[in-house]
Amino acid sequence: MPKPSKPTPFVIAYDFDGTLASGNMQEYDFIPELGMESHEFWEKVGDLAKTQDADPILSYMQHMLHEAEIKKIPVRKSNFEEYGKKIHFFKGVEAWFARINAYAKSHNVNVEHFIISSGLREMIEGTSIAKEFTKIFASGFMYDHHDVAIWPALAVNYTTKTQYLFRINKGSLEVHDNTVINKYVHHAERPVPFENMVFIGDGETDIPCMRLVREYGGHSIAMFEEDKEKAKKSAELLVKEGRVTLSAVADYSEGSVIDKAIKAMIDKVAAVSRIDFK
């Protein structure tokens, strides 16, 4: 029996901070340029959110602009992209995409990669791996005619993250367009079924996405840094509670836990596709 002519779709959606790179992206260069310690910056963000009864994501974005204005730090889009170039990834990340894409292709599966993050899309767009993603769903700024950040354009928090999984599921990738996302589309007609999705994250803000994908028949993976025992225990607890499929150390090298897991998930999708085709 010949293989289906059309490759089977498969999506891997990633959180960013703590999932593909250690820490928060603002901590690499932006916060130090303000002359602040990371804990000082985030404490002020927490205080702002509490006193204003505000969303923490909107609070950090406002505080970035506020502190930058005081310290006379430029906040053009190009400046944020430059900060993104300094981000260091976990072991194996930069070679990960080509290897997984090639493995999937050999099984007649087409992989697309997406970011769903509360971090800044402008910084992610400046990274060496930005080109690997079909779409980067992340918090971002509006810019004036001088390309200077003036106002939040999009704030992605722990609950709104799930919206973007449905956008991928329905093929509605433009954030400004809600016509498709709010339209009834039969599950069989959706471009990427949830069963063909994996969500990879690391923390509490990722739990709604992890649960949603898993409950709809897909897989979710909780990542943790090897030397952070607390993070490891939290990830293992998510497995025990049934919120994620598995936990794995943040190592994307060939032969690593996540490498083997994703390849096994691709194998499963390919096998189901062959059965359906018959």
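Our subject is the structure that appears above.
Keep in mind that what you see is a predicted model, and the values were worked out from it rather than measured.

Explanation requested: unusual backbone geometry in the structure shown.
Glycine aside, residues mostly have negative phi angles, and peptide bonds mostly take the trans form. With a phi close to 60°, Asn-108 is a non-glycine residue in the positive phi region. Its location among the elements puts Asn-108 in the loop between α5 (93-105) and β2 (109-120). Notably, Asp-147 is not glycine yet its phi reads approximately 65°, a positive angle. What makes Asp-147 partly exposed here is its relative accessible area of 33%.

Looking at this structure, how should I read a nonpolar patch on the surface?
Judged by side-chain polarity, Met-142, Ile-150 and Trp-151 come together as a nonpolar surface patch covering roughly 350 Å² of accessible area. When you line up the elements, Trp-151 lands in strand β4 (residues 149-154). On the basis of relative accessibility, which here comes to 57%, the residue Trp-151 falls in the exposed class.

Could you clarify how one ought to interpret helix α8 (residues 207-215) in this entry?
At 3.6 residues per turn, the α-helix brings residues three or four places apart onto the same side. Buried within α8 we find Ile-207, Cys-209, Met-210, Leu-212 and Val-213. In this structure, the buried residues of α8 make contact with α7 (161-170), β5 (197-201), β6 (219-224) and α9 (229-240).

Teacher, can you tell me more about the pairing of β2 here?
Most of β2 is tucked away: ten of the twelve residues are buried. Relative to β2, strand β1 (residues 8-14) is paired through seven bridges, and the arrangement is parallel. Paired with Tyr-14 across the bridge in β2 is Ile-115.

Just to check I follow, could you spell out the side chain of Asn-196 for this structure?
Position of Asn-196 among the secondary structure elements: in the loop between α7 and β5. A residue is classified by how much of its surface remains accessible, and Asn-196, at 11% relative accessible area, is buried. Ignoring anything within four residues of it in the chain, the contact list for Asn-196 reads Thr-8, Pro-9, Phe-10, Val-11 and Val-269.

Help me understand the pattern of salt bridges, please; the structure alone is not making it clear to me.
Side-chain pairs of opposite charge can arise where the charged atoms are in close proximity. For the coordinates displayed, the defined rule picks out 14 salt bridges. Across the pair Lys-161 and Asp-15 runs a salt bridge, and its minimum N-O distance is 3.2 Å. Taken as a pair, Lys-161 in helix α7 and Asp-15 in the loop between β1 and α1 (30-33) lie far apart in primary sequence, 146 residues in all. Side by side, Lys-161 and Asp-15 carry an identical accessibility label, which is buried. Note that Lys-44 is salt-bridged to Glu-67, the shortest N-O span being 3.8 Å.

In this structure, what is going on with α7? I would like to understand it.
Counting buried residues in α7 gives eight out of ten residues, a clear majority hidden from the surface. Here the buried face of α7 lies against β1, β2, β3 (135-143), β4, β5 and α8. After α7 finishes, the residue Gly-171 shows a positive phi value of roughly 80°.

Help me understand the packing of aromatic side chains, please; the structure alone is not making it clear to me.
Each aromatic ring pair is specified by the distance between its two centres and by the angle formed by the two planes. According to the stated counting rule, one finds 15 aromatic pairs in the structure shown. With a centroid separation of 4.8 Å and 25° between ring planes, the pair formed by Phe-137 and Tyr-164 is classed as stacked. Residue Phe-137 is found in strand β3, and its partner Tyr-164 is found in helix α7; the two are separated by 27 residues along the sequence. Taking relative accessible area as the criterion, Phe-137 reaches 0% and is therefore assigned buried. Through a chain of ring-to-ring contacts, three or more aromatic side chains come together here, namely Phe-30, Phe-80, Tyr-83 and Phe-141.

Looking at this structure, I do not really get the packing of helix α2 (residues 38-52) against helix α3 (residues 56-71). What am I missing?
When two helices pack together, you describe them by how their axes are tilted relative to each other and by the distance separating the axes. α3 packs onto α2 with a crossing angle of 120° between their chain directions and a minimal axis gap of 9 Å. Between α2 and α3, the interaxial angle falls into the category oblique. Note on packing geometry: the crossing formed by α2 with α3 is right-handed. Seen from α2, the contacting residues are Phe-41, Trp-42, Lys-44, Val-45, Leu-48 and Ala-49; seen from α3, they are Pro-56, Ser-59, Tyr-60, Gln-62, His-63, Met-64 and Glu-67. A class-by-class count of the residues in the contact of α2 with α3 yields eight nonpolar, three polar and two charged.

Please explain the packing of α7 against α8 as it appears in this structure.
It is at 8 Å that the axes of α7 and α8 come closest, and there the two elements cross at 35°. Note that α7 runs across α8; the crossing there is right-handed. Between α7 and α8, the contacting residues are Lys-161, Thr-162, Leu-165 and Phe-166 on the first element and Pro-208, Cys-209, Leu-212 and Val-213 on the second. Here the contact of α7 with α8 is built from residues that sort into six nonpolar, one polar and one charged.

Sorry, what's going on with the pairing of β5 here?
As a general feature of sheets, a regular strand has side chains that alternate between the two faces. Burial of β5 is extensive: five of the five residues sit out of reach of the surface. The alternating pattern of β5 places Met-197, Phe-199 and Gly-201 on one face and Val-198 and Ile-200 on the opposite face, and all of these are buried. Relative to β6, β5 runs parallel, the two being bridged by four bridges. From the neighbouring strand, Ile-200 faces β6, where its bridge partner is Ile-221. Note on the crossover from β5 through α8 to β6: the handedness is right-handed.

Scoring rules and cut-offs
- Residues numbered from 1 in each chain as written.
- Predicted model: local features only at pLDDT ≥ 70, side-chain atom pairs only at ≥ 80, totals over all residues.
- Heavy atoms only, no water.
- Helix = DSSP H or I, 4+ residues; strand = E, 2+ residues; numbered from the N terminus.
- Buried < 20%, exposed > 50% of the residue type's maximum accessible area, 1.4 Å probe, protein only.
- Patch = residues over 30% accessible without salt bridge, like charges linked within 9 Å, V, L, I, M, F, W, Y side chains within 5 Å.
- Areas by Shrake-Rupley, 256 points an atom, 1.4 Å probe, with all protein chains shown as cover.
- Salt bridge = Lys/Arg side-chain N within 4 Å of Asp/Glu carboxyl O.
- Contact = heavy atoms within 4.5 Å.
- Pairing = 2+ DSSP bridges.
- Phe/Tyr/Trp six-rings, centres within 6.5 Å; stacked < 30°, edge-to-face > 60°.
- Axes fitted to C-alpha atoms, helices over the stretch in contact; angles between N-to-C directions.
- Parallel < 35°, antiparallel > 145°, perpendicular 65-115°, else oblique.
- Left-handed = near helix turned anticlockwise from the far one by under 90°.
- Nonpolar A, V, L, I, M, F, W, Y, C, P; charged D, E, K, R; others polar.
- Right-handed = clockwise from strand over helix to strand, strands pointing away.

These figures capture arrangement, not role.
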